[in-house]
Structures are given as C-alpha cells and as structure tokens.
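# Descriptive structure summary
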Amino acid sequence: MKTIEGQAEAVVLEKKSKFIANIFYVESEEEAKDILNKIKKKYYDSRHNCFAYRIKEGESILQKQSDDGEPSGTAGRTYS
C-alpha cells in the first residue's frame, strides 16, 4: 500500500480559477477532520472545499470523499 510521508501544498491557476491542493498524512478520521477544519478556516472565502481520504484501521480501510458541489466525478475522488 502506498502512503504519504509528510505534507505539501500546491497552487494551480486554471481558466481564471485558483485551486489550492493540500496533502497530509493522518492516522485517524478525527485527525483528518481536524486538519480539514483548519484548512476550511484558512481558506474561509473558498467556494468549494473538496477532499478525499483513506485511513487503514486494522485490516480494513476507511475512505471518505466530497466534491462539495463541484460537478459529479471531478473532485474529491479516491483511487485504489
């Protein structure tokens, strides 16, 4: 299984829109939600806050994603 070692941020400008991507390692859903809340506060004026996460819990995988109102299938998607 591939995993994330640290955290990073990237900014992409596309057709007069600004996309800010964040990636970070977490070990629990609570930790993921805490970081997502901090990002939402930091970028309080953003129109959409899309996310996706996968967390290994024992032998199972917890995954959740949201496109936060973006067109279906264009954001917040997880991959195996």
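The rules behind the values
- Residues numbered from 1 in each chain as written.
- Predicted model: local features only at pLDDT ≥ 70, side-chain atom pairs only at ≥ 80, totals over all residues.
- Heavy atoms only, no water.
- Helix = DSSP H or I, 4+ residues; strand = E, 2+ residues; numbered from the N terminus.
- Buried < 20%, exposed > 50% of the residue type's maximum accessible area, 1.4 Å probe, protein only.
- Pairing = 2+ DSSP bridges.

## Thoughts on unusual backbone geometry
The backbone of lysine 15 shows a phi angle near 50 degrees, a positive value even though the residue is not glycine. Along the chain, the position of lysine 15 falls in the loop between strand E1 (8–14) and strand E2 (17–23). When its relative accessible area of 74% is taken as the criterion, lysine 15 is described as exposed. Of note in the backbone geometry, lysine 16 takes a positive phi value of approximately 65 degrees without being a glycine. Assessed through its relative accessible area of 89%, lysine 16 is described here as exposed.

## Thoughts on the environment of lysine 33
Note on placement: lysine 33 falls in helix H1 (residues 29–42). Accessibility expressed as a relative area gives 41% for lysine 33, which makes it partly exposed. When the C-alpha atoms of lysine 33 and tyrosine 53 are compared, they prove to be 9.9 Å apart, with 20 residues separating the residues in sequence.

## So, the pairing of strand E3 (residues 51–57)
The two faces of a sheet get side chains in turn, since along a regular strand they alternate between them. Note that E3 and strand E4 (residues 60–66) share seven bridges and pair antiparallel. Residue pairing across strands places arginine 54 opposite glutamine 63, the latter belonging to E4. Hairpin connection between E3 and E4: a loop of two residues separates the two successive antiparallel strands, and glycine 58 in this loop has a positive phi of roughly 65 degrees.

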